[in-house]
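If you want the building blocks of each chain, they are given just below.
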Amino acid sequence: MDWERLLSLKRYGDTGKRLRKEQDETRLGFEVDYDRIIFSSAFRSLQDKTQVIPLSKTDFVHTRLTHSLEVSVVGRSLGRIAGKRILEKHPHLSEVHGYTFNDFGAIVAAAALAHDIGNPPFGHSGEKAIGEYFKNGNGKKYHSVLSEREYQDLIDFEGNANGFKLLTESKEGVEGGLRLSYAVLGAFMKYPKESLPKKPTKHIADKKFGFFQSEKEFFEEVARELGLPSTTAGEGISFSRHPLAYLMEAADDICYTIIDFEDGINLGLISEEFALEYLIKLVKDTISTKKYNGLRYKEDRLSYLRALAINTLIRDTIEVFVENEEKILNGTFETSLLDKSKYKAQIADIISLSVHKVYRSQEVVEKEIAGYRIISDILDVYTGALVREKEGKFSNYDRLMIQTLPEFYQQTETSIYKILLNTSCYVASLSDGSAVHIHNKIMGKQL
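Bear in mind that the values here come from a model prediction, so they are computed numbers and not experimental data. (Residues numbered from 1 in each chain as written. Predicted model: local features only at pLDDT ≥ 70, side-chain atom pairs only at ≥ 80, totals over all residues. Heavy atoms only, no water.)

Draft legend 1. Main features of the overall build of the protein. Looking only at helices and strands, the protein features 21 helices and zero strands. The C-alpha atoms of the protein give a radius of gyration of 22 Å, which matches the 22 Å a tight globule of 447 residues would have. Reported as C-alpha extents along the three principal axes, the dimensions of the protein are approximately 70 × 55 × 40 Å. Summing over all exposed atoms, the protein offers an accessible surface of approximately 19,900 Å²; the carbon and sulfur share of this is 49%. (Helix = DSSP H or I, 4+ residues; strand = E, 2+ residues; numbered from the N terminus. Rg over C-alpha atoms; globule rule 2.2 N^0.38 Å. Areas by Shrake-Rupley, 256 points an atom, 1.4 Å probe, with all protein chains shown as cover.)

Next comes the structure, spelled out in structure tokens:
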């Protein structure tokens, strides 16, 4: 892979090349991408979507929105520092083309801002709930009218693929979705493959999939423009990762490792004593014991430890990235950056404690169970109504239900696959509170 191509400013519909040296320095293309994401309705819905605790009544617990903002901040730092090192190694990028280290930071920050934009309500259990509806629920009946890849898109419904759809989907009068630069779309694509075959290799890029069949053609265009090597072996389309996707992924990994742990302590699910015990190996070289002991309140002590821990992991991540740049560029770096961290054992310990004490806590499990039922019921009502409308077998109730959908999702003059996928994406777009509200109305519990 070549950095000049990887930093492409091209957008959907462009016929000519956008040159970095011709950019307005007061409003760079990659910064425009960030603005377009943050002003989108899909991004706003993250304010009421689960990060750790569904439907939390506590103000300080992170939502997908606050998590995404924090990941973008860490991603910006990672991108800038890595960019500085890359430009030192490849000076022609600056001298000939005009790229700066801030470009790298802006690309990673924008991709990181959008990294959870396609996630359904109720956290990762929301993805599983959509998939379960089509795999073992009433949606299973549609298997026979779908191709294997179309069906796999549904039974393994993937927030990353839905995110790519949200960012790039054309609608009447709005071609190319948000029309983000291809560099940002590349950095966003953690899993540049289609849903089948599942996990064909142990490479981190093959862990999940990154686009639905409906976006396949445009996905391939982006990959070709960026010069991502094809890794297709036999059936199924796949590509090597964009190098900056590793930094975007690392920003997410750093934030959820440290901040979900902090949330668990603030919620009383993890004892504060664990904070210093588990973080000390990350912060021992930078902590001021005098400052730490002078902090009276628990929240302030945790904030101090969190900031030091994140800074430590940022520095370590950069070293792993720079040391492995050649492997990353030729597509042979097979793990996440944090998997090569010298703090891998400490990270694993923190995640293990968070899983046991937070992710599997009674409050989380009970709300995820409710989420399964809510998502299944909403999908059942809307997919049934839309398919029956397409087949001319609709009832008056079906017509009434379809009218409650946003106009874009009422379309039935398309394939069964797109009806089912669009309805799944509609459900995925709902915030936790909206899903509960709609479910209550459907079930007749609320007028």
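Draft legend 2. Looking closely at the nonpolar core. Residues Trp-3, Ile-37, Leu-244, Leu-282 and Leu-337 are the most contacted members of the largest nonpolar core, which totals 89 residues. Residue contributions to this core peak at twelve residues, all from helix H12 (residues 243–266). When neighbours within four sequence positions are excluded, Leu-282 is seen to be in contact with Ile-258, Ala-309, Thr-312, Leu-313, Tyr-343, Gln-346 and Ile-350. Counting residues in hydrophobic clusters, the runner-up holds 40 residues, among them Met-401, Ile-402, Tyr-409 and Val-427. (Core = buried A, V, L, I, M, F, W, Y, C linked by side-chain atoms within 4.5 Å. Buried < 20%, exposed > 50% of the residue type's maximum accessible area, 1.4 Å probe, protein only. Contact = heavy atoms within 4.5 Å.)

Draft legend 3. Molecular detail of the packing of aromatic side chains. In total, this model carries 16 aromatic pairs according to the counting rule given. On the basis of an interplanar angle of 65 degrees and a centroid distance of 5.7 Å, the ring pair of Trp-3 and Phe-104 is categorised as edge-to-face. On the criterion of sequence distance, the pair formed by Trp-3 in helix H1 (residues 3–6) and Phe-104 in helix H6 (residues 101–113) is long-range, its members being 101 residues apart. Accessibility expressed as a relative area gives 0% for Phe-104, which makes it buried. (Phe/Tyr/Trp six-rings, centres within 6.5 Å; stacked < 30°, edge-to-face > 60°.)

Draft legend 4. Here's a closer look at helix H8 (residues 148–155). For H8, the complete set of buried residues consists of Tyr-151, Gln-152, Asp-153, Leu-154 and Ile-155. Packing partners of the buried residues in H8 comprise helix H7 (124–135) and helix H20 (416–429).

Draft legend 5. A look at the side chain of Ser-40. Structurally, Ser-40 is set in the loop between helix H2 (29–38) and helix H3 (41–44). Once you skip the residues sitting within four places of it in the chain, Ser-40 turns out to touch Ile-117 and Leu-178.

Draft legend 6. View of the packing of helix H4 (residues 64–89) against H6. Orientation of H4 relative to H6, taken along the N-to-C sense of each, is 150 degrees, at an axis distance of 6 Å. With respect to their mutual orientation, H4 and H6 come out roughly antiparallel. Here H4 and H6 pass one another in a crossing that is right-handed. Of H6, the residues touching H4 (which contributes Ser-68, Leu-69, Val-71, Ser-72, Gly-75, Arg-76, Gly-79, Arg-80, Gly-83, Lys-84, Ile-86 and Leu-87) are Phe-101, Asn-102, Phe-104, Gly-105, Val-108, Ala-109, Ala-112 and Leu-113. Residues that form the contact of H4 with H6 fall into these classes: ten nonpolar, seven polar and three charged. (Axes fitted to C-alpha atoms, helices over the stretch in contact; angles between N-to-C directions. Parallel < 35°, antiparallel > 145°, perpendicular 65-115°, else oblique. Left-handed = near helix turned anticlockwise from the far one by under 90°. Nonpolar A, V, L, I, M, F, W, Y, C, P; charged D, E, K, R; others polar.)

Draft legend 7. Fine view of the pattern of salt bridges. Applying the stated criterion across every chain yields a total of 25 salt bridges. The shortest N-O distance in the salt bridge between Asp-116 and Arg-64 comes to 2.7 Å. Of the two residues, Asp-116 sits in the loop between H6 and H7 while Arg-64 sits in helix H4, which places them 52 residues apart along the sequence. Assessed through its relative accessible area of 3%, Arg-64 is described here as buried. (Salt bridge = Lys/Arg side-chain N within 4 Å of Asp/Glu carboxyl O.)

Draft legend 8. Seen up close, unusual backbone geometry. Cis geometry is adopted by the peptide bond preceding Pro-197, which originates at Leu-196 and carries an omega value of 0 degrees. With respect to the helices and strands, Pro-197 occurs in the loop between helix H10 (182–188) and helix H11 (216–226). A positive phi angle, near 50 degrees, is found at Arg-179, a position not held by glycine.

Draft legend 9. Expanded view of the environment of Met-401. Take Met-401: it is sitting in helix H19 (residues 396–403). Judged by its relative accessible area of 9%, Met-401 is buried. C-alpha of Met-401 to C-alpha of Leu-386: the two residues are 15 residues apart in sequence and 9.0 Å apart in space. Not counting the four nearest positions on each side in its chain, Met-401 is found in contact with Val-381, Tyr-382 and Ile-442.

Scope: geometric values only; no functional claims are made or implied.
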